[in-house]
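Survey of secondary and tertiary structure
Spelled out, the chains give:
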Amino acid sequence: MATFLYKVGRLAFRRRHYVALLWIALLTLAGVGAASAPAAGASSFSVPGTEAQKAFDLLEQRFPGMSADGATARVVFKAPAGEKLDTGANKATVEKTVKDLGDGSEVVSVADPFKGKAVSKDGTIAYASVKYKVSGMELKDASKDALTDTAEQARKAGLTVEVGGDALTATPETGSTEIIGIAIAAVVLVITFGSLLAAGFPLLTALIGVGIGVSTITALASALDLGTTTSTLAMMIGLAVGIDYALFIVSRYRAELAEGREREDAAGRAVGTAGSAVVFAGLTVVIALVGLAVVNIPMLTKMGVAAAGTVAIAVLIALTMIPALLGYAGKKIKPTGQKSKLLGGGRAKSAEKSARPNMGTRWASFVVRRPLAVLLLGVIGLGAAAIPAASLELGLPDDGSQPTSTTQRRAYDLLSEGFGPGFNGPLMVVVDAKDSNTPKADVTTVTDKIKALKDVTTVTPASFNKDGDTATITVVPDSKPSSVTTEDLVHGIRDAGAQVKADTDSSVLVTGTTAMNIDVSQKLNDALIPYLILVVGLAFLLLIVVFRSVLVPLKAALGFLLSVMAALGAVVAVFQWGWLSGLMGVEETGPVMSMMPIFMVGVVFGLAMDYEVFLVTRIREAHVHGEKPSQSIVTGFRHSARVVTAAAVIMIAVFSGFISSSESMIKMIGFGLAIAVFFDAFVVRMAIVPAVLALLGKRAWWLPKWLNRILPNVDVEGEGLRELDSKDSDPDEDRELVRA
């Protein structure tokens, strides 16, 4: 591996014009494809195998014109103070608005609030339900504009009018802090490298990689049904790892220069050593992201695969474009320890300052002297941070979690005020009586059983299809959609339906947005353990190959679990309990997004292995070259602690930039990943890892002889490069690499 990548690095350094042109051409091609591709909205959402999805599919068959999964909008009206809606000009305005709402080409029906008894008891609040042919994710912009324009006309007439429902799908906005995150990354790079030029390379290559990845996703969005969240996730992860991977290679290049190597050889060795770590770190991230497919939620699978593609691009760019840019820079990139003249370089250092060990050396020496104390402190600290995770409640966001500045949230609040909190999450009960001889009697039985349950406010009369073999019943809970009480009601209806199935030949299914959210949460919970076994298991095997050790990968996996649990605890404290919610811009606390645990397991595991691979390969490299275990830890930290720290700060800054997003899911993901990287990099990798290695000593690198014989030797430490001298490679080397 190291020898092959060494040749790749030298080839890219020497043929830099071709490499640069290739990546520019790919960026241009992706940009043109994105610009010419048809616009695509958010991806469609389906959850195969759930009861709610089965009910939707059944309704499509039995009620062909119903558009069961079609978008809905609730246009909510409120009369001015001291007035009512069912009299005079106010009533005329509502009726005109209802008429105008029905003019859209995608509109199936509009329910008049006065005819449908959709007026509150005090007559001050009413709503008109609008049903569309297609889902909210497929609804055309023209239909959304017509909806908002009609509501605005009613406002001008003097009424308070807000629009809720899934017909208005807001496009996430990340805000200015995303740019601030990139600016922080730039400052950290300048401090790390002491050079504006060297600092610019990781940023440039990361932006090119993200540009190619996101543009490709945009170009394929319509054909593959990819939504806006997919590109946001790819940008978030691609930007973070792209900067980190390039940082690792540039840092190693400067270290090779400091050892007196010629620049082309230094570039080759940087790619051969740090590049090997980048390849395996990238592989762990890709495995974790692609592994999301085991959940069997198409939207989540697409998000994972798209982000994994962006990570793969980041790896390839780091291995090829970075050495090419180093070739262009020439002598402007200084060896480690030297700064550019603009940043104070060229000044003579005192002998005392030059001989002083760096911070990484001092910290590693401290940990090696007191490994047990550091280990206990780190584990107890992460354990304390993880305590709130015991109170984790899962759910999916609804309009109630939107900022109060949005019309969806204001409509949600008005409906709660006028009709009760459960009105925002009605349940649709589908009774399949096709095999029954008494369908109407069975539906009546189901209705009576539902009315007898707790937390039920309203049960509407059943509505049959033309064949009379299927009926729908709308149930309004007494509690808000995201509450545990509503979840219990859904399970209660399903239990009653199971009893009906046992007594008759009719089946009962519960669906609707609220029921779908509950089913998704359950599906994600059920998939968490298999996913954890798959991802951690594959990565564990990969790390055994990289480190040629059993205990080091085991320690890496256990440390990761600690950091993830601590990060989940922090997410619960902020988004569920409300700690520091004002600082984070969380206007409404509630259940944690149901896909957050499995998503954090996947993404954080991959990112955590970046630091594990880069840090521990440096330690193993020193150990393989003959140093004692404790000394190899200090050597590894002397060379890599500064870089790992810089990489972690950069990744935290990039992820933190997404906390300002208006989309609650993106906000939560940004915070969760940022705090997870903080815990993993600074507590697990920088404290617990060296402490465990110091306690294990030589046993850390133990590997059974039989396993040692069958494992491939990937040579991440670059042992094979010791056979190469610093001269230029053989003239036939390029042709050999091409054939390889």
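To start, this report covers the structure provided alongside it. Small disclaimer: the values here were computed from a predicted structure and weren't measured. Per chain, residue numbering runs from 1 following the sequence as it is written. With the structure being a predicted model, the display of local features is reserved for residues of pLDDT at least 70 and the display and counting of side-chain atom pairs for 80 or more, all residues being used for whole-chain, interface and lining totals. Here the side-chain values reflect all heavy atoms present in the structure, with hydrogen atoms and water set aside.

Further remarks concern the overall build of the chain. Looking only at helices and strands, one finds 24 helices and eleven strands in the chain. Partly exposed residues are those whose accessible area sits between 20% and 50% of the maximum for their type, while under 20% is buried and over 50% is exposed, using a 1.4 Å probe and protein chains only. The buried share of the chain, taken over its 740 residues, is 55%. When contacts within the chain are restricted to residue pairs at least 6 apart in sequence, those whose partners lie at least 24 apart make up 80%. In these tables, accessible area is a Shrake-Rupley quantity obtained with a 1.4 Å probe, and a residue counts as shielded only by the protein chains included in the view. Summing over all exposed atoms, the chain offers an accessible surface of approximately 31,200 Å²; the carbon and sulfur share of this is 59%. Helix and strand assignments come from DSSP, with helices taken as H or I runs of at least 4 residues and strands as E runs of at least 2, each series counted from the N terminus. Should any heavy atoms of two residues lie within 4.5 Å, those residues are counted as being in contact.

Turning our attention to the packing of aromatic side chains. Aromatic rings from Phe, Tyr and Trp, taking only the six-membered ring of Trp, are treated as a pair when their centres fall within 6.5 Å; an angle between ring planes under 30 degrees marks them as stacked, one over 60 as edge-to-face, and anything in between as tilted. Scanning the model with the defined rule gives eight aromatic pairs in all. Each member of the aromatic cluster is reached from another via a ring pair, and the members are Tyr127, Phe419 and Phe423. A ring is considered to have a charge above it if a Lys NZ or an Arg CZ atom is located within 6 Å of its centre and within 35 degrees of its normal. Above the face of the Phe13 ring, Arg16 is positioned so that its terminal group lies 5.5 Å from the ring centre. The cationic tip of Arg74 hangs over the ring face of Tyr127; the distance from NZ or CZ to the ring centre is 5.3 Å.

Here we take up the sheet that holds strand 3 (residues 125-132). Strand pairing is assigned whenever DSSP detects at least two bridges linking the two strands. Spatial ordering of the open sheet is given by 2-3-1-4, a layout of four strands whose pairing is antiparallel. Edge positions in the sheet fall to strand 2 (107-111) and strand 4 (160-164), since each has one partner strand and no second. Adjacent strand axes in the sheet meet at a mean angle of 20° when their direction is disregarded. Both strand 1 (residues 72-78) and strand 3 contribute to a ladder of seven bridges, which runs antiparallel. Considered in strand 3, the bridge of Val76 is made with Tyr127. Simply put, an axis is a line fit to the C-alpha atoms, just over the touching stretch for a helix, and the angle between two N-to-C directions goes from 0 to 180 degrees.

Looking at where Arg685 falls in the secondary structure, it is placed in helix 22 (residues 664-696). Given the relative accessible area of 0%, Arg685 is considered buried. Under this definition, polar contacts are N or O atom pairs within 3.5 Å; protein pairs additionally need one hydrogen-donor-capable and one acceptor-capable atom, and for neighbouring residues in sequence, both atoms have to be side-chain atoms. Reaching out from Arg685, the side chain makes a polar contact with the side chain of Glu612 at a distance of 2.6 Å. Of the polar contacts made by the side chain of Arg685, one reaches the side chain of Asp680; its length is 2.8 Å.

On to unusual backbone geometry, then. Phi at Asn296 takes a positive value of approximately 65°, unusual for a residue other than glycine. Within the secondary structure, Asn296 is located in the loop between helix 9 (263-290) and helix 10 (298-329). Taking the relative accessible area as the measure of exposure, Asn296 reaches 40% and is therefore partly exposed. Phi angles above zero are rare outside glycine, and Asp455 is one such case at about 65°. Mapped onto the fold, Asp455 is located in the loop between helix 15 (439-451) and strand 7 (456-459). For Asp455, a relative accessible area of 16% corresponds to the buried category.

Our next topic: the nonpolar core. Grouping buried Ala, Val, Leu, Ile, Met, Phe, Trp, Tyr and Cys residues that are joined through side-chain atoms within 4.5 Å yields what is termed a nonpolar core. In this structure, Ile243, Tyr245, Ile249, Tyr253 and Phe655 are the most contacted members of the largest nonpolar core, which totals 170 residues. A total of 19 residues in this core trace back to one element, the largest contributor, which is helix 22. Apart from residues no more than four positions distant in its own chain, Ile243 is found in contact with Ala185, Leu189, Pro202, Leu203, Ala206, Ile650 and Val654. Counting 23 residues, the second-largest nonpolar core is a separate cluster that includes Ala126, Leu147, Val161 and Ala167.

Right, let's talk about the packing of helix 13 (residues 371-386) against helix 18 (residues 551-576) for a bit. In the contact formed by helix 13 and helix 18, the axes pass within 7 Å of each other and the chain directions differ by 40°. Read as a crossing pair, helix 13 and helix 18 show a hand that is left-handed. Contacts between helix 13 and helix 18 involve Val379, Leu382, Ala385 and Ala386 from the first element and Leu562, Ser563, Met565, Ala566, Gly569 and Ala570 from the second. Any residue outside Ala, Val, Leu, Ile, Met, Phe, Trp, Tyr, Cys, Pro, Asp, Glu, Lys and Arg is labelled polar, Gly included; the first ten of those are nonpolar and the last four are charged. Residue composition of the contact of helix 13 with helix 18, by class: eight nonpolar, two polar and no charged. Less than a right angle of anticlockwise turn of the near helix away from the far helix marks a crossing as left-handed, whereas a clockwise turn marks it as right-handed.

Let us now look at helix 5 (residues 141-156). When the terminal C-alpha atoms of helix 5 are compared, their 23 Å separation across 16 residues agrees well with the 22 Å that a helix rising 1.5 Å per residue should span. For helix 5, the full list of buried residues reads Ser143, Lys144, Leu147, Thr150, Ala151 and Ala154. All buried residues of helix 5 lie within an arc of 130° about the axis, which places them on one face of the element. Within helix 5, the exposed residues directed more than 90 degrees away from the buried face are Asp141, Ala142, Gln153 and Lys156. Next to the buried residues of helix 5 lie strand 1, helix 4 (88-101), strand 3 and strand 4. An expected span of 1.5 Å times one less than the residue number is assigned to each helix. Here, the arc refers to the directions that run from the helix axis to the C-beta atoms.

What follows concerns the pattern of salt bridges. Salt bridges are defined by distance alone: a side-chain nitrogen of Lys or Arg within 4 Å of a carboxyl oxygen of Asp or Glu. For the structure on display, the rule yields 18 salt bridges. Lys96 is the partner of Asp100 in a salt bridge, and the nearest nitrogen-oxygen pair spans 2.9 Å. One end of the pair is Asp100 and the other is Lys96, both in helix 4 and four residues apart, which spans about a single turn. In this structure Asp100 comes out as partly exposed when scored by relative accessible area, which is 27%. Two residues, Glu256 and Arg261, come together in a salt bridge whose shortest N-O distance is 2.6 Å.

The definitions used throughout rest on a 1 Å grid laid over the protein atoms alone, on which a cavity is an enclosed set of points accommodating a 1.4 Å probe that cannot get out and a pocket is an open set flanked by protein within 12 Å on both sides along at least five of seven lines; lining residues are those having an atom within 4 Å of a point. Grid points are joined across faces, edges and corners, and a volume is the space filled by probe spheres set on the points. Under the defined criterion, the tally for this structure stands at four cavities of 30 Å³ or more. The computed volume of the second largest cavity comes to approximately 40 Å³. Surrounding the second largest cavity, Val446, Lys449, Ile450, Ile493, Ala496, Gly497, Val500 and Val508 form its lining. Counting only elements with at least two residues in the lining of the second largest cavity, the list comes to helix 15 and helix 16 (484-503). The element best represented in the lining of the second largest cavity is helix 16, accounting for four residues. Classifying every residue of the lining of the second largest cavity gives six nonpolar, one polar and one charged.

Our next topic: the pairing of strand 6 (residues 427-432). Taken across its six residues, strand 6 has five buried, putting it largely inside the fold. Note: strand 6 against strand 9 (residues 470-477), six bridges, orientation antiparallel. Directly across from Val429, in strand 9, lies its bridge partner Ile473. Relative to strand 10 (residues 507-511), strand 6 is paired through five bridges, and the arrangement is antiparallel. Across the sheet, residue Met428 finds its bridge partner in strand 10, namely Thr511.

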